[in-house]
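Residue strings, one per chain:
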Amino acid sequence: MERSMTKFRPLHDRVVVRRLTGEEKTAGGIIIPDTAKDKPTEGEVVSVGPGARNEQGQVVALDVKAGDKVLFGKWSGTEVKIDGEELLIMKESDIMGVIG
């Protein structure tokens, strides 16, 4: 089912990530077909939830924000299609770090 990003807001500590595509050629100029490529584990944060609640019931804001480039685990997140674009929804804890 396709969703509209204008009507989608991640909840709690969830993050929407756009997967960044890797190089399609090797250093020697050999073109790698889509079927042979691993899915990159680098992406750009599109949207973030407000944060998770701690034991005292206070909302703790996320460390990532829209526009951040991040690294995440190979099997992290759930693939969804929003506004015709394939995106990932994952918990902030699935993100290993921010690039740059």
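Predicted, not measured: the structure shown is a model, and the values here were computed from it. (Residues numbered from 1 in each chain as written. Predicted model: local features only at pLDDT ≥ 70, side-chain atom pairs only at ≥ 80, totals over all residues. Heavy atoms only, no water.)

Draft legend 1. Region of interest: the overall build of the chain. Helix and strand counts for the chain come out as zero helices and eight strands. The buried share among the 100 residues of the chain stands at 24%. When contacts within the chain are restricted to residue pairs at least 6 apart in sequence, those whose partners lie at least 24 apart make up 64%. (Helix = DSSP H or I, 4+ residues; strand = E, 2+ residues; numbered from the N terminus. Buried < 20%, exposed > 50% of the residue type's maximum accessible area, 1.4 Å probe, protein only. Contact = heavy atoms within 4.5 Å.)

Draft legend 2. The arrangement of the sheet that holds strand S6 (residues 78-82) in detail. Across the sheet, which stays open at both edges, the six strands sit in the order S6-S7-S1-S2-S5-S8 with antiparallel pairing between neighbours. If you trace the sheet from one side to the other, it starts and ends with S6 and strand S8 (95-99), each paired once. The average angle at which neighbouring strand axes cross in this sheet is 45 degrees, direction not considered. Summarising the sheet, strand S2 (residues 42-48) and strand S5 (residues 69-72) pair through three bridges and their orientation is antiparallel. What sits directly across from Gly43, in S5, is Val70. (Pairing = 2+ DSSP bridges. Axes fitted to C-alpha atoms, helices over the stretch in contact; angles between N-to-C directions.)

Draft legend 3. Seen up close, the side chain of Asp68. Take Asp68: it is sitting in the loop between strand S4 (59-60) and S5. A polar contact of 3.0 Å, which involves the side chain of Asp68, links it to the backbone nitrogen of Lys65. Ignoring sequence-local partners within four residues, the contact set of Asp68 consists of Gly43, Glu44, Val45, Asp63 and Val98. (Polar contact = N/O pair within 3.5 Å; in protein donor to acceptor, adjacent residues only side chain to side chain.)

Draft legend 4. Quick look at the nonpolar core. Counting residues in hydrophobic clusters, the biggest one holds 10 residues: Val15, Val17, Val45, Leu62, Val64, Val70, Phe72, Leu88, Met90 and Ile95. Residue contacts for Leu88: discarding those within four places in its chain leaves Val15, Val16, Val17, Arg19, Phe72, Ser76, Gly77, Thr78 and Glu79. (Core = buried A, V, L, I, M, F, W, Y, C linked by side-chain atoms within 4.5 Å.)

Draft legend 5. How the structure looks around a nonpolar patch on the surface. A surface patch of nonpolar side chains, amounting to about 280 Å² of accessible area, comprises Leu71, Met96 and Ile99. As for its placement among the helices and strands, Ile99 is situated in strand S8. According to the relative accessible area criterion, Ile99 is partly exposed, its value standing at 36%. (Patch = residues over 30% accessible without salt bridge, like charges linked within 9 Å, V, L, I, M, F, W, Y side chains within 5 Å. Areas by Shrake-Rupley, 256 points an atom, 1.4 Å probe, with all protein chains shown as cover. Salt bridge = Lys/Arg side-chain N within 4 Å of Asp/Glu carboxyl O.)

Draft legend 6. Summary view of the side chain of Ser76. For Ser76, the position within the fold is in the loop between S5 and S6. Judged by relative accessible area, which is 14%, Ser76 ranks as buried.

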